[in-house]
Amino acid sequence: MVSPNTELAYNSKIEGDVIVSRLDAVVNWIRTNSMWPMPMGLACCAIELMGVAASRFDIARFGAEVMRFSPRQADCMIVAGTVTYKMAPQVRRIYDQMPSPKWVIAMGACASTGGMYRSYATLQGVDRIVPVDVYVSGCPPRPEALLDALVKLQEKVKREPGAKQLFKPRA
Amino acid sequence: MLATADVVSALQSKFPSLAPRTSADHAAVKVAAAEAPALLRTLRDEMQFDFLCDLTAIDWSAEASPRFTVVWHLFSTAKSEYVRVTADCLDDAKPAMASVVSLWPGANWHERECFDMFGIVFEGHPDLRRILMWDGYPYHPLRKEFPLAGLPTDLPDAEISAEIPTKAISAPMAGGPFVASSGEMNLTEAEPRAKDESWNERREKPNT
């Protein structure tokens, strides 16, 4: 006689250590909640970036507190500050050194568009050298704005088909 | 304060090209380029001007001759006095001036910046390279004929240039330099904005 199974939810005693899900969902869940930033602090925005990491705003709530100063261990480059033409190749080189999948946040007016520096020395927007996922307005942006950008980026990553990243051409 | 007349009279016999220079604040003198190093040495060794505050240059305009003037600001820590010495570069196309790094080692980076921005070659400088712009940058940005927006050039790194097509471009000025207003107005109005907002990247600048 078969006893009726009244368990509706996952029961480890019956099913063992097995979870069924989509691979994309699991991969994106991992990526979303442990996005290690590469702090590309180039100007005053970097001070706000430090504020974001500190206790009042606490970027650790979103799993992105592990600032990695080695591009090899970073997922998300936060370009915080004015990018000069002299610095631009180095920014691009660091981006190239980050392992895929990788994302870029342009933090502040200067990184997004060149800001008030309409001059011979300043790169007019970091999207001219690296692909940018999220732009943050402000000069400098409030720490909340950067947290919002991170949440927006996380939403974007959640929607990403994980398998697509495997075959993504080198940008 | 040391009056200009005092500096001139004290040094006139030794440096015949010395002439007073109009100045709103401190003593200022003008001297021939050839006599500048000797004058600066005399000021340092005999008149206690032991500190070089600043070394810069003036570009009078692309048409002017003499076009470039080098300016030294000296300070005497003993007497608490300043003196300003200027000298015109002889050649307008290839301006040159004697280096004073041997007198004040602090002049090193000032002269490099001056060379970078104006293209003035400081003869006798131990390491005359660009200091702000990158090596190989083809222009001298503070010269009068150089536009603030810049001129198109390649990026500094050839390896990166081979990878991405980005070049240094003329910055879109959209109404010229951004100026912040001050005075008794609210903060939103005081934000930096273009002087002339009648044109932008999409709408051509009207011919005036």
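Quick caveat, the model's predicted, so the values are computed rather than measured.

Draft legend 1. View of the sheet that holds strand S4 (residues 134-136) of chain A. Residues and elements named next belong to chain A. The strand order across the open sheet formed by 4 strands is S1-S2-S3-S4, and the pairing between neighbours is parallel. Bordering the open sheet on either side are strand S1 (37-41) and S4, each of which pairs with just one other strand. Sheet twist, expressed as the average angle between the axes of neighbouring strands with direction ignored, equals 15°. The sheet contact formed by strand S2 (residues 76-80) and strand S3 (residues 103-107) spans 5 bridges and is parallel. Bridging from a neighbouring strand, Cys76 pairs with Trp103 of S3.

Draft legend 2. Spotlight on the UniProt feature "domain: NADH:ubiquinone oxidoreductase-like 20kDa subunit" (unreviewed entry) in chain A. Following the UniProt record, the feature "domain: NADH:ubiquinone oxidoreductase-like 20kDa subunit" (unreviewed entry) maps to residues 44-153 of chain A here. Here residues 44-153 of chain A runs as 33% helix and 12% strand, with 22 Å between its end C-alpha atoms.

Draft legend 3. Inspection of the sheet that holds strand S3 (residues 51-59) of chain B at higher detail. All names here are of chain B. Here we have 5 strands laid out as an open sheet, ordered S1-S2-S5-S4-S3, and mixed in their pairing. The open sheet terminates on both sides in strands that have one partner only, identified here as strand S1 (19-20) and S3. Pairing of strand S2 (residues 27-31) with strand S5 (residues 81-88) involves 5 bridges; the strand directions are parallel. Considered in S5, the bridge of Val29 is made with Val85. The strands touched by helix H3 (residues 107-118) are S3 and strand S4 (68-76); relative to S3, the strand with the most contacts, the crossing angle is about 10°.

Definitions and cut-offs
Residues numbered from 1 in each chain as written. Chains lettered and ligands numbered in written order. Predicted model: local features only at pLDDT ≥ 70, side-chain atom pairs only at ≥ 80, totals over all residues. Pairing = 2+ DSSP bridges. Helix = DSSP H or I, 4+ residues; strand = E, 2+ residues; numbered from the N terminus. Axes fitted to C-alpha atoms, helices over the stretch in contact; angles between N-to-C directions. UniProt positions renumbered as here; feature names shortened; annotations may be inferred. Contact = placed C-beta atoms within 7 Å.

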